[in-house]
Protein chains: 2
Amino acid sequence: MISNEGMLVVVSGPAGVGKGTLCRALFAAWPGLEYSVSVTTRNPRPGETEGKEYYFRTREEFMEMIKNNEFLEWAEFCGNYYGTPRFHVESVLARKKTILLEIDIQGAKQVKAKYPDGVFIFIVPPSLATLSQRLRSRGTEPEDVIERRLATALKELENIYDYDYVVENDEVDVAVEKLKSIIIAEKCRVKRKSFSFKGEIK
Amino acid sequence: MISNEGMLVVVSGPAGVGKGTLCRALFAAWPGLEYSVSVTTRNPRPGETEGKEYYFRTREEFMEMIKNNEFLEWAEFCGNYYGTPRFHVESVLARKKTILLEIDIQGAKQVKAKYPDGVFIFIVPPSLATLSQRLRSRGTEPEDVIERRLATALKELENIYDYDYVVENDEVDVAVEKLKSIIIAEKCRVKRKSFSFKGEIK
């Protein structure tokens, strides 16, 4: 009588907001959710498997994929390229499953242009003070880099109005529960279902 | 940094679909949710308290309230009048809380005209065969009445496209979990929040 369609969920937000942690916890809590495997030109790290963490490609192969419009979004980061391959996402949606993409704000913009019906979730820190603490506690970057990243984050937060949902990453458990609820709710959306009521009456 | 607005949630669906059972279970699981207390002209039953189950009014008082546009929706059922008083709903929303209305499809239409930003949830039976069984198992109505109600239900299901969400009432626990998720998710909607990011950077 009612059937589900496939669904694309994008989790994005400023760098350092903890979206990676949230998505890992969400996958652990929800095995039915499918993960979007990115293509990258960086070298595999010990323990990483082709097609699991990433699809590993040469820079030439990556450029060829860009040219052939094979990415939903891509970006260069620290000299390496990362991209979301269209074929993987489309095959999951064709199976009417839910696929989750964890990407940065620029990537989310590119995906939204191609999949306006996706579910776009913006993760925010409880406050910029918290974000500042998190970036500093990593201890990996000098002060001027941290200040530049905070200024960027403040600017990035203005993108919130392009998103459907906003989730504060205060406590991980609470935030993961909200992400789960958003996905369950979106699966109940009338616009995401097909109906056939005819010929059912007995 | 982020604050919530009040929210109006309407749970509706064909008669006999079990929306009353679902809403009672939802309230039991979620004490923070506020219940819309209806006004009625019927007599109080033993144990019913003014302002808790219903506001009890005379027919004259009810007519006066209709004239003064004091209802979000009202209807006549078996010779008695029932209505959702605007003052109660508005006072809950002003306190930025979530209020739940369990009403029939005609009532939901009236509320939607006044609160298009409300969350509208349609409860459906897993199939019309199930609805037919449920109506018959009550054993309170003759066969021709049941058949008329089933025909009405089939017609009412076409209203689904006026709603945001559809929840199948197959297992009560699963359906209540979906209702909870919808409310949690809607509270995360960007359009239901106000933001202030300025002056936060440290």
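Attention now goes to the overall build of chain A. Secondary structure assignment for chain A yields seven helices and 11 strands. A compact globule built from 202 residues should have a C-alpha radius of gyration of about 17 Å, and chain A, at 19 Å, falls within 12% of that. Viewed in the frame of its principal axes, chain A has a C-alpha envelope of about 70 × 40 × 30 Å. In chain A, 69% of the contacts between residues at least 6 apart in sequence involve partners at least 24 apart.

Here the focus is helix 1 (residues 19–29) of chain B. Residues and elements named next belong to chain B. Turning to helix 1, its buried residues are Lys 19, Leu 22, Cys 23 and Leu 26. The buried residues of helix 1 occupy an angular sector of 95° when projected down its axis, which confines them to one face. Set apart from the buried face of helix 1 by more than 90 degrees, the exposed residues are Gly 20 and Ala 28. Packing partners of the buried residues in helix 1 comprise strand 2 (7–12), strand 8 (98–102), strand 9 (119–124) and helix 7 (172–187).

For the rest of this paragraph, the subject is the pairing of strand 9 of chain B. Within a regular strand, side chains alternate between the sheet's two faces. Residue and element names in this part refer to chain B. For strand 9, a buried count of six out of six residues is recorded, marking the element as mostly surrounded by other parts of the structure. Of the two faces of strand 9, the one holding Val 119, Ile 121 and Ile 123 and the one holding Phe 120, Phe 122 and Val 124 are both buried throughout. Sheet topology places strand 2 next to strand 9; four bridges connect them, and they run parallel. Pairing of Val 10 across the sheet is with Phe 120, part of strand 9. Alignment of strand 9 against strand 10 (residues 165–168), held across four bridges, turns out to be parallel. Looking at strand 10, one finds that Phe 122 is bridged to Val 166.

It is worth spelling out the relation of the copies chain A and chain B at this point. Superposing chain A onto chain B requires a rotation of 180° together with a translation of 0.0 Å along the rotation axis, leaving an RMSD of 0.0 Å. In the structure described here, the two chain copies are related by an operation that fits a two-fold rotation axis. Of every C-alpha in chain A, the one belonging to Ser 181 of chain A sits nearest the axis of rotation, 2.1 Å from it. Most of the interface of chain A is mirrored in chain B: 100% of its interface residues are interface residues there too.

With that out of the way, let us pick up the sheet that holds strand 6 (residues 71–77) of chain A. Strand pairing within a sheet occurs via backbone hydrogen bonds; the two strands may be parallel or antiparallel. Residues and elements named next belong to chain A. Spatially, 5-4-7-6 is the arrangement adopted by the four strands of the open sheet, whose pairing is mixed. With one partner strand each, in any of the chains shown, strand 5 (54–56) and strand 6 form the two edges of the open sheet. Each adjacent strand pair in this sheet contributes to an overall mean axis angle of 25°, direction not counted.

With that settled, consider the interface of chain A and chain B. A common measure of how large an interface is: the accessible area buried when the components associate. Tallying the contact residues gives 31 residues for chain A and 31 residues for chain B. For the side of chain A that touches chain B, the secondary structure elements donating two or more residues are helix 5 (128–138), helix 6 (143–156), strand 10 (165–168), helix 7 (172–187) and strand 11 (193–195) of chain A. Top contributing element to the side of chain A that touches chain B by residue count: helix 7 of chain A, with five residues. Class assignment for the residues of the side of chain A that touches chain B results in 21 nonpolar, three polar and seven charged.

Attention now moves to the sheet that holds strand 5 (residues 54–56) of chain B. Residue and element names in this part refer to chain B. Reading across from one edge, 5-4-7-6 is the order of the four strands in this open sheet, with mixed pairing throughout. Among the strands making up the open sheet, the edge pair consists of strand 5 and strand 6 (71–77). Taking the axes of each pair of neighbouring strands and ignoring which way they run, one obtains an average angle of 25° across the sheet. As judged from the three bridges shared by strand 4 (residues 38–40) and strand 5, these two strands associate in the parallel manner. In the sheet register, Val 39 faces strand 5, and the bridge partner there is Tyr 55. Across the sheet, helix 3 (residues 86–94) is in contact with strand 6 and strand 7 (80–85); its angle to strand 7 comes to roughly 25°.

What follows deals with the environment of Val 119 of chain B. All names here are of chain B. Counting through the fold element by element, Val 119 comes out in strand 9. Sequence separation of Val 119 and Asp 164 is 45 residues, and the distance between their C-alpha atoms is 6.6 Å. Excluding its chain neighbours within four sequence positions, the residues that come into contact with Val 119 are Met 7, Leu 8, Val 9, Val 10, Asp 164, Ile 182 and Glu 186.

Quick look at the confidence of the model for chain A now. Residue and element names in this part refer to chain A. The share of residues in chain A with pLDDT of 70 or more is 97%, and the mean pLDDT across the chain is 89. Per-element mean pLDDT across chain A ranges from 76 in strand 1 (residues 2–4) up to 97 in helix 2 (residues 59–67). Among the scores for the predicted complex, ipTM is 0.85 and pTM is 0.87.

Our next topic: the nonpolar core. Grouped together as the largest cluster of nonpolar side chains are 95 residues, with contacts concentrated most on Val 9, Val 10 and Ile 121 of chain A together with Val 9, Val 10 and Ile 121 of chain B. When near neighbours in sequence (up to four residues on either side) are disregarded, Val 9 of chain B contacts Thr 98, Ile 99, Leu 100, Gly 118, Val 119, Ile 121 and Ile 183 of chain B.

Quick look at unusual backbone geometry now. Unusually for a residue other than glycine, Lys 96 of chain A sits at a positive phi of about 60°. Structurally, the position occupied by Lys 96 of chain A is in the loop between helix 3 (86–94) and strand 8 (98–102). Here Cys 78 of chain B, not a glycine, exhibits a phi torsion of approximately 50°, which is positive. Relative to the elements of secondary structure, Cys 78 of chain B occurs in the loop between strand 6 and strand 7. C-beta crowding within 10 Å serves as the criterion here: with 6 such atoms nearby, Cys 78 of chain B is assigned to the exposed category.

Conventions adopted
- Residues numbered from 1 in each chain as written.
- Chains lettered and ligands numbered in written order.
- Predicted model: local features only at pLDDT ≥ 70, side-chain atom pairs only at ≥ 80, totals over all residues.
- Helix = DSSP H or I, 4+ residues; strand = E, 2+ residues; numbered from the N terminus.
- Rg over C-alpha atoms; globule rule 2.2 N^0.38 Å.
- Contact = placed C-beta atoms within 7 Å.
- Buried ≥ 20, exposed ≤ 12 C-beta atoms within 10 Å, placed from the backbone.
- Arc of directions from axis to C-beta.
- Pairing = 2+ DSSP bridges.
- Least-squares fit on C-alpha atoms with pLDDT ≥ 70 in both.
- Axes fitted to C-alpha atoms, helices over the stretch in contact; angles between N-to-C directions.
- Nonpolar A, V, L, I, M, F, W, Y, C, P; charged D, E, K, R; others polar.
- pLDDT = per-residue confidence, 0-100.
- Core = buried A, V, L, I, M, F, W, Y, C linked by C-beta atoms within 7 Å.

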